[in-house]
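Residue-level listing of the chains:
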Amino acid sequence: MKAFTALTAAELRLLARDPASLFFMVAFPLMLLVLKRGDGGAVPGYLAMIAAIGGMGALPGLLASYRERKVLKRLATTPISPVLLLGAQLVAQVAAALAGAVLLVAVTITVFGAQAPADVLMLAAAFLLCSVMVCALGFVIAAVVRNTRGASLIGMLVMFPMIFLSGAAVPRKALPGSLRQIGDFLPLTPAVEALGDAWSGTAAIFPLLILAGIIVAATAAGAALFRWE
Amino acid sequence: MEAIEVTDLRKAYGDTHAVDGVTFAVRAGETFGIVGHNGAGKTTTVECLIGLRRADAGTVRVLGEDPARRRRALAQRLGVQLQDSSLPERMKVAEALRMFGSLYRDAADWRRVMDRWSLRPLARKAFGDLSGGQKQRLMLALAMVGDPEVVVLDELTTGLDPVARRETWRLIGDLRTAGTTVVLVSHYFDEIEALCDRVAVFARGRVEAVGTPAELIARTGTASLEEAYLALEGVDR
């Protein structure tokens, strides 16, 4: 437990020092909120976006670089178990996303006077599931693509269309019909739905179950495909 | 007492027999050198010792344990410095020492390790901003932070300037005084001669000869360990 906490804390410090992470997970969503004049209805989507930027935009490249530069190999000679090593990465990413999310929600309510989320507990549950899910997808990308540049690029190429087609960045109502249909099959779509439902107080359990299912499937695929070197 | 016993170790990658029947033993408290040209099987052998690779055949025992089966338990008692491994670019020196220390049950005081390896002036520097020699020194210190019984060092002083090299030699000498078993992989014969009780000469995935530097020199009728090595390798001088 001591080892796990130390690894997670170290990783969080590194994330806090990374200007790109800070910008995209904290400043960028706030900028979008300002452009939207503080419209609370857009916030659940932005929460999914914060998580996706960390889990799919940043995590694959980070893991691939740790592998390429033999950071993982060096850690593999210490007593830490490989599962805990990757678990610490996950917890750090989720915690960083959570910090960005809490800040965004707080600004929405206090600065723009929007209505507070109706079901805070369900919102938290949906956000955690969403955040873990995008990290699991990020693991799969880092497992399949071997080098750092490739993993970063594929992460971005998967993330950007997904945040637009899933309703995270723009409402799906605004999309043409065919693009909306693509969104039906993207893993981030049920996450945006679950967050939106919890925000408006019409929370349903079904999208959460889908998220849990994606987490299990992606984790299994990532574990089967991941290479330490 | 043997700290390390390797018997008929074999490991192939596809058709390449990287290690093809390696046998040697390292006594507890001994500083043991491994020399050999690139591709002689040194690094593969080392990676089998520390449990990063599973041998195709043969047995490996480190402190009585099989590293392939009991890697994590053994890792508590092992210190490792790998060839060209690194840390996250933005991780600071003191953070790295503290974090690695927290991975071990009975770690040394990381601040003391930081002082011993003269890293305190660099404590707040990020890994990515260190010079090659400073990185090497930090990676060596990280190998010591778990207070190990056996230390495995691959390419000990590569990238160090002459002063830092001598300082490192002194610290490795201290380890021997403290009774730590040291396995040293190196290209530098002066280093092996100065530090090692015994040396194994690797060639083509096998151990060509084992002995004290003086024995190898006498056996080959040469004047230095480097010449003894070249004679054992069958290189004409």
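Parameters and conventions
- Along every chain, residues carry numbers that run from 1 in the direction the sequence is written.
- Lettering of chains starts at A and numbering of ligands starts at 1, both following the order in which they are written.
- Restriction of local features to residues with pLDDT of at least 70 applies here, the model being predicted, together with a cutoff of 80 or more for giving and counting side-chain atom pairs; totals for whole chains, interfaces and linings are based on all residues.
- Side-chain calculation: all heavy atoms of the structure are included, whereas hydrogens and water are not.
- Helix and strand assignments follow DSSP, with helices taken as H or I runs no shorter than four residues and strands as E runs no shorter than two, numbered in order from the N terminus.
- Expected span, for any helix, means 1.5 Å times one less than how many residues it has.
- The buried label applies to any residue whose accessible area, calculated with a 1.4 Å probe on protein chains only, is under 20% of its type's maximum; exposed applies above 50%, and partly exposed to all values in between.
- In what follows, residue pairs with any heavy atoms lying within 4.5 Å of each other are defined as contacts.
- Segmentation of the chain into domains, including their bounds, is taken from an automatic or database domain assignment.
- Once two parts are put together, the accessible area they lose, assessed with a 1.4 Å probe and summed over both, is termed the buried area.
- The term salt bridge refers to a side-chain nitrogen of Lys or Arg lying within 4 Å of a carboxyl oxygen of Asp or Glu.
- We call two N or O atoms a polar contact when they sit within 3.5 Å, provided that within protein one can donate a hydrogen and the other can accept it, with sequence-adjacent residues counted only if both atoms are side-chain atoms.
- All amino acids are sorted into three groups, where Ala, Val, Leu, Ile, Met, Phe, Trp, Tyr, Cys and Pro are nonpolar, Asp, Glu, Lys and Arg are charged, and the leftover types, Gly among them, are polar.

Over its 13 residues, helix H5 (residues 132–144) of chain B runs 19 Å from end to end, which matches the ideal 18 Å to within 8%, given 1.5 Å per residue. With 11 of 13 residues buried, H5 of chain B is to be regarded as a mostly interior element. Residues of H5 of chain B that are buried in the fold lie against helix H4 (71–75) of chain A together with strand S5 (78–81), helix H3 (93–102), helix H4 (110–116), strand S6 (150–154) and helix H6 (162–177) of chain B.

In this section: the domain arrangement of chain B. Residues and elements named next belong to chain B. Looking at the assigned domains, one finds that chain B contains domain 1 (2–77 + 149–233) and domain 2 (86–148). Computed over C-alpha atoms only, the centres of domain 1 and domain 2 are separated by 24 Å. In this assembly, 18 residues from domain 1 lie in contact with 15 residues from domain 2. Interface area for domain 1 against domain 2, summed over the two sides, is near 1200 Å², with a carbon-plus-sulfur share of 63%. Summed over the shared surface of domain 1 and domain 2, the number is zero salt bridges. In this structure, the connection of domain 1 to domain 2 is made through three residue pairs in polar contact (both at pLDDT 80 or more). Within the residue set of the side of domain 1 that touches domain 2, elements represented by two or more residues are S6 and H6. Residue composition of the side of domain 1 that touches domain 2, grouped by class: eight nonpolar, six polar and four charged.

This part covers the interface of chain B and chain A. Taken together, the contacts link 32 residues of chain B with 25 residues of chain A. The contact between chain B and chain A buries some 2600 Å² in all, and 56% of this surface belongs to carbon and sulfur atoms. For chain B, the biggest contributors to the area lost against chain A are Ser86, Arg90 and Leu103 of chain B; these three give 22% of the whole. Run the count over chain B and chain A and you get six salt bridges. Its salt-bridge partner being Arg90 of chain B, residue Asp18 of chain A comes within 3.8 Å of it at the nearest N-O pair. Our count for the contact surface shared by chain B and chain A stands at 14 residue pairs in polar contact (both at pLDDT 80 or more). Broken down by secondary-structure element, the contributors of at least two residues to the side of chain B that touches chain A are helix H2 (71–75), H3 and H5 of chain B.

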